[in-house]
Amino acid sequence: MAAASVSPGLSLREATQRKLQRFSKLRGKPVAAGEFWDIVAITAADEKQELAYKQQLSEKLKKKELPLGVQYHVFVDPAGTKIGGYSQRLPNASALGKIFTALPFGNPIYQMLELKLAMYIDFPSHMNPGILVTCADDIELYSIGESEFIKFDKPGFTALAHPSSLTVGTTHGVFVLEPSDCLKHRDFEYRCCHRFLHKPSIKEMRQFDAVCRPRNFPQQDLSRGDTPSPKSEHEYVYTDSLFYMDHKSAKKLLSFYEKVGTLNCEIDAYGDFLQALGPGATVEYTRNTSNVTKEESELVDMRQKIFHLLKGTSLNVVVLYNSKFYHIGTTEEYLFHFTSESSLKSELGLQSIAFSIFPAISECSGSTSCVIQSILDSRCSVSPGSVVEYSRLGPDVSVGENCIISGSSIITTAVLPAYSFMCSLSVKMNGHLKYSTMAFGVQDNLKKNVKTLSDIKSLQFFGVCFLSCLDIWDLKVTEELFSGNKSCLSLWSARIFPVCCSLSDSVTTSIKMLNAVQNRSAFSLNNYKLLSIEEMLIYKDVEDMLTYREQIFLEITLNRKQSELETS
């Protein structure tokens, strides 16, 4: 009975820490058969990203950051239409991948890959042969009894479900559950799904009877991580996160793909697979293209083929009453969870200074700065709400509030305006190593695009009309200003970022760009070779970027050893 009195937040924190400790014991050690995953597969958008992922996996295995004796694979998307992107809403993850996003805890520092493997540590030993599908930019935390475990042993698909507000349901998948006739547990319950709704409107949730009423609500106070908690007096829905498919279903999809050949439209593993499942699934969704990134002529036909292929397959749901789902795929979410007193910070044990050299952190109104594997001079200033990762900052550097600095080196006097984003990349051009630093406002929309040059006035850089910025930088509006598709013009494809011979020069020049826009003072970019973010990713030198991170790692390690010797 004592366990029942523990608050959901505390039990969630304890359960999360237990998983992390168990995974920590496996890092760098061979795992026994059935103890861990047989294969860990990561998907890459193109061959450049594939190479970057493979290089990082190789480094992790060499440094014993992952369990050994497991097959780690990277699979690149075939050329042509794809649904995958390049993390345009969190560009510090664009070059090396969202699954390799650094998290502010652990020694060595945890990245999203290790966290995913840790949170799912209990799954493999209670799972029939099959495949678990998950995203790279979300975190699922859950707590169940210590002697209990989640089983993935039913035919068809099995998905995790989290109680959420109706508003959250409009941006996620929502389960319409069959009436409960399964054995009830205190913390979780196995249910059958009648049908799956993909990003439905609140009207559709009510229409298809997905909304649960307070009389059925579990006694525990539920929460949804990065959204307001649905309290017991509110209606709620069950939303999705990861899902599992058994071996038979996976083989069926593989045979279908081999028969179809090259896909000429984007297929979503969540929207297009899960909506076909359950006894209540209907073919109507195949014609709804409102959530599609790019609509192709073959899309509806391909969706209908998948619907008929999977029709009749069961969708089992594990309802996790004491669980939270967090999304860290945007600059706003990234800053909030790493610098504010968020629940995630408490549950994961996120640190303000994680494996770094920096003696003090400033705090203001419950917000702190966050420093990850970086070396900062004690005289530099980092304002609350900002994140610095894999960087060096000198004594005369001042960072404003709510900034993101990644992979940079700032050794000269510099003032970074509040709400700045700065990420440096090593690039290899004509066989020569160079550097380029993308810089803009954390609230800028890099995905927004226009079709013609005359429309670029609607784009904004650091809150300023993009046309005005071009005047400040002495750049002319021509087609050559943009890389890639000339009918899809955006900040992502704008050639505005200087290429320099050194990392520090690159950062300093980009800071001057930002300050020129903020102060409305001229700063000519005419004499520089300029790249777009799109081109930076094409020319990126992954090996040099990883070498820079390793140099910082070794310097911090040496500093710590010296400190230990001095205090012993």
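Residues numbered from 1 in each chain as written. Predicted model: local features only at pLDDT ≥ 70, side-chain atom pairs only at ≥ 80, totals over all residues. Heavy atoms only, no water.

(A) Here's a closer look at the packing of aromatic side chains. Under the defined criterion, the tally for this structure stands at 18 aromatic pairs. Ring geometry for F243 and Y270: centres 5.1 Å apart, planes at 85°, overall edge-to-face. Taken together, the positions of F243 in strand β8 (residues 237-246) and Y270 in helix α7 (residues 269-274) put the pair 27 residues apart, joining distant regions of the chain. For the pair shown, F243 and Y270 are each scored as buried. The rings of Y120, F123, Y142, F152 and Y244 are connected pair by pair, giving a single aromatic cluster. Here the basic side chain of K19 rests over the ring of Y142, its NZ or CZ set 4.0 Å away from the ring centre. Between the NZ or CZ atom of R195 and the centre of the ring of F208, over which it lies, the distance is 4.3 Å. (Phe/Tyr/Trp six-rings, centres within 6.5 Å; stacked < 30°, edge-to-face > 60°. Helix = DSSP H or I, 4+ residues; strand = E, 2+ residues; numbered from the N terminus. Buried < 20%, exposed > 50% of the residue type's maximum accessible area, 1.4 Å probe, protein only. Lys NZ or Arg CZ within 6 Å of the ring centre and 35° of its normal.)

(B) Just the environment of L66, in detail. Its location among the elements puts L66 in the loop between α2 (47-62) and β2 (71-76). Expressed as a C-alpha distance, the spacing of L66 and P30, which sit 36 residues apart in the sequence, is 9.5 Å. Not counting chain neighbours up to four residues away, the residues in contact with L66 comprise L26, R27, G28, L57, K60, L61, Y72, L113, E114 and L117. (Contact = heavy atoms within 4.5 Å.)

(C) Broad picture of the pairing of strand β10 (residues 323-327). The buried fraction of β10 is high, at five of five residues. Of the two faces of β10, both are covered, the one formed by S323, F325 and H327 as well as the one formed by K324 and Y326.

(D) Focus on the sheet that holds strand β17 (residues 387-389). Read across the sheet, eight strands follow the order β11-β14-β17-β20-β23-β24-β29-β30 without closing on themselves; strand pairing throughout is mixed. Each edge of the open sheet is held by one strand with a lone partner, namely β11 (353-354) and β30 (530-531). Two strands pair when backbone bridges link them, and strand β20 (residues 404-406) and strand β23 (residues 420-429) are joined in this way by three bridges, in the parallel orientation. Across the sheet, the residue bridging to S406 is C423, located in β23. (Pairing = 2+ DSSP bridges.)

(E) Structural view of the pairing of strand β29 (residues 497-500). Residues of β29 alternate between two faces, with F497 and V499 on one and P498 and C500 on the opposite face, all of them buried. Summarising the sheet, strand β24 (residues 432-441) and β29 pair through two bridges and their orientation is antiparallel. In the sheet register, Y435 faces β29, and the bridge partner there is C500. With two bridges joining them, β29 and β30 adopt antiparallel strand pairing. When the bridges of β30 are listed, F497 appears paired with L531.

(F) Up close: the pattern of salt bridges. Within this structure, the stated rule accounts for 24 salt bridges. R213 is the partner of E235 in a salt bridge, and the nearest nitrogen-oxygen pair spans 3.3 Å. Of this pair, E235 sits in the loop between α5 (202-207) and β8 while R213 sits in the loop between α5 and β8, placing them 22 residues apart in sequence. In this structure, K305 engages D301 in a salt bridge whose closest nitrogen and oxygen atoms are separated by 3.5 Å. Taken as a pair, K305 and D301 lie in helix α8 (residues 299-310) at a separation of four residues, close to a single helical turn. Connected via shared salt-bridge partners are R27, K60, K63, E65, E114 and E550. (Salt bridge = Lys/Arg side-chain N within 4 Å of Asp/Glu carboxyl O.)

(G) Expanded view of the packing of helix α6 (residues 247-260) against α8. The geometry of α6 relative to α8 is characterised by a closest axis approach of 11 Å and an angle of 145° between their N-to-C directions. Note on packing geometry: the crossing formed by α6 with α8 is right-handed. Between α6 and α8, the residues in contact are K252, L253, F256 and V260 and M302, K305, I306, L309 and L310, respectively. Split into classes, the residues belonging to the contact of α6 with α8 amount to seven nonpolar, no polar and two charged. (Axes fitted to C-alpha atoms, helices over the stretch in contact; angles between N-to-C directions. Left-handed = near helix turned anticlockwise from the far one by under 90°. Nonpolar A, V, L, I, M, F, W, Y, C, P; charged D, E, K, R; others polar.)

(H) Structural detail: unusual backbone geometry. Residue P108 is bonded to the preceding N107 through a cis peptide linkage, with omega at 0°. Positionally, P108 belongs in the loop between β2 and α3 (112-119). The backbone of Q373 shows a phi angle near 40°, a positive value even though the residue is not glycine. Note that Q373 resides in the loop between β14 (370-372) and β15 (375-376).

(I) Representation of the sheet that holds strand β16 (residues 381-382) in the model. What the three strands build is an open sheet, ordered β16-β19-β22; its pairing is parallel. Edge positions in the sheet fall to β16 and β22 (414-416), since each of these pairs with one other strand and no more. Here three bridges tie strand β19 (residues 397-399) to β22, and the two strands are oriented parallel to one another. Within β22, the position partnered with S398 by the bridge is V415.

(J) Region of the structure containing the nonpolar core. Core analysis: the biggest nonpolar cluster contains 136 residues, and F36, F123, F461, F466, W473 and I496 have the highest contact counts within it. The residues touching W473, leaving out its near neighbours within four places in the chain, are F461, F466, I496, M513, V517, F523, S524, L525 and N526. Within the second largest apolar cluster, 34 residues are counted, among which are L253, F256, L277 and L315. (Core = buried A, V, L, I, M, F, W, Y, C linked by side-chain atoms within 4.5 Å.)

(K) View of the packing of α2 against helix α14 (residues 542-567). As a packed pair, α2 and α14 sit with axes 10 Å apart at the nearest point and diverge in direction by 35°. Here α2 runs over α14; the crossing is right-handed. Counting all contacts with α2, which are made through A52, Q55, Q56 and E59, the residues of α14 involved are V542, E543 and L546. Looking at the contact of α2 with α14 residue by residue, the classes come out as three nonpolar, two polar and two charged.

Honestly, it's all geometry; don't read function into it.
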